[in-house]
Amino acid sequence: MSLIAGNWKMYNGPVEAGELCRTLRKTDLPDGVEVIVCPPFVSLAESVQVLAGTEIGVFAQNCHWEAEGAFTGEVSAPMLKELGVYGTLVGHSERRQWFGETDDTVARRVYACLEAGLQVIACVGETEEQRDKGATHAVLRRQVAGFEADQNLVIAYEPVWAIGTGRTATPDMAQEAHETIKELLDVPMLYGGSVKPDNAAELLAQPAIDGALVGGASLEVDSFAAICRAAIR
Ligand code: PEP
């Protein structure tokens with residue numbers, strides 16, 4: 001089964017998220033493709049409510065490793081579960097770049113979320129500088145070193161230089177990176193980085209690519225649904 005996850009980033013407050021989810025509910029999404037949306041924290045409750053009874057899963061964009069405590073601004077796995085959220089992204093490059101997330105804190109979040117019974121999409125990927133230096137595979141190996149295979153773990157390979165830039169890894173580059181990671185961890189893998197309706201099919205046709213993590217193109221139902229259709233195997 002392929003998996004398409006939409007990362008709404010810091011877009012869509014509760015009102016807009018509710019509207020987008022109502023449109024998604026009415027949209028003909030293909031069978032055999034697992035569809036997930038990742039709204040911001042404040043829009044999770046509304047999204048869970050509107051999508052109740054559908055096959056579309058609601059994930060958070062981040063989650064802390066402790067169940068509760070003095071961690072201002074953070075949200076825990078039990079809190080997400082109480083809302084009816086199925087899983088969470090962890091370690092998105094925007095969190096690593098702007099909010100001090102490290103391989104160590106990402107691994108702690110992944111471990112705690114899996115322990116709590118959430119599904120996890122853990123994000124990894126090299127910067128342009130690291131790729132230019134030929135360090136891509138070493139970086140990916142280091143980033144996944146703290147993870148253990150788990151039936152609820154999915155890894156998203158998102159080259160940082162391709163996120164929100166309109167530049168995409170070639171299918172061969174993505175396939176190669178996925179193979180490197182799959183040698184270490186046998187879990188489903190998503191490609192992310194400027195996936196659009198016109199490039200989704202060739203990326204998703206690669207044997208080591210099990211789905212996509214979609215940012216910008218997930219904010220419009222038409223483009224998101226077109227990517228979901230491109231994932232039919
Ligand atoms: C993302 O936010 O994970 C992402 C891949 O964004 P975009 O599709 O806009 O590059």
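If you're wondering where the values come from, they're calculated on a predicted model, not measured in any experiment. (Residues numbered from 1 in each chain as written. Predicted model: local features only at pLDDT ≥ 70, side-chain atom pairs only at ≥ 80, totals over all residues. Heavy atoms only, no water.)

Peer 1: Help me understand the sheet that holds strand S6 (residues 153–157), please; the structure alone is not making it clear to me.
Peer 2: Within a sheet, neighbouring strands are paired by backbone hydrogen bonds and run either parallel or antiparallel to one another. Strand order around the closed barrel formed by eight strands is S1-S2-S3-S4-S5-S6-S7-S8, with parallel pairing between neighbours. Pairwise comparison of adjacent strand axes, ignoring direction, gives a mean angle of 25 degrees for this sheet. Inspection of the sheet shows strand S7 (residues 189–192) paired to strand S8 (residues 211–214) by three bridges, in the parallel sense. By the bridge assignment, leucine 190 is partnered in S8 with glycine 211. (Pairing = 2+ DSSP bridges. Helix = DSSP H or I, 4+ residues; strand = E, 2+ residues; numbered from the N terminus. Axes fitted to C-alpha atoms, helices over the stretch in contact; angles between N-to-C directions.)

Peer 1: Where do I start with helix H1 (residues 14–26) in this structure?
Peer 2: Taking 1.5 Å as the rise per residue, H1 with 13 residues should run 18 Å; its terminal C-alpha atoms sit 18 Å apart, in good agreement. What H1 keeps buried is the set Ala17, Gly18, Leu20, Cys21 and Leu24. For H1, the angular spread of the buried residues around the axis is 165 degrees, confining them to a single face. In H1, those exposed residues whose orientation departs by more than 90 degrees from the buried face are Val15 and Lys26. The secondary structure elements touched by the buried residues of H1 are strand S2 (33–38), helix H2 (44–51) and helix H10 (221–230). (Expected span 1.5 Å × (residues − 1). Buried < 20%, exposed > 50% of the residue type's maximum accessible area, 1.4 Å probe, protein only. Arc of directions from axis to C-beta. Contact = heavy atoms within 4.5 Å.)

By themselves, these are just geometric observations and shouldn't be taken as functional.
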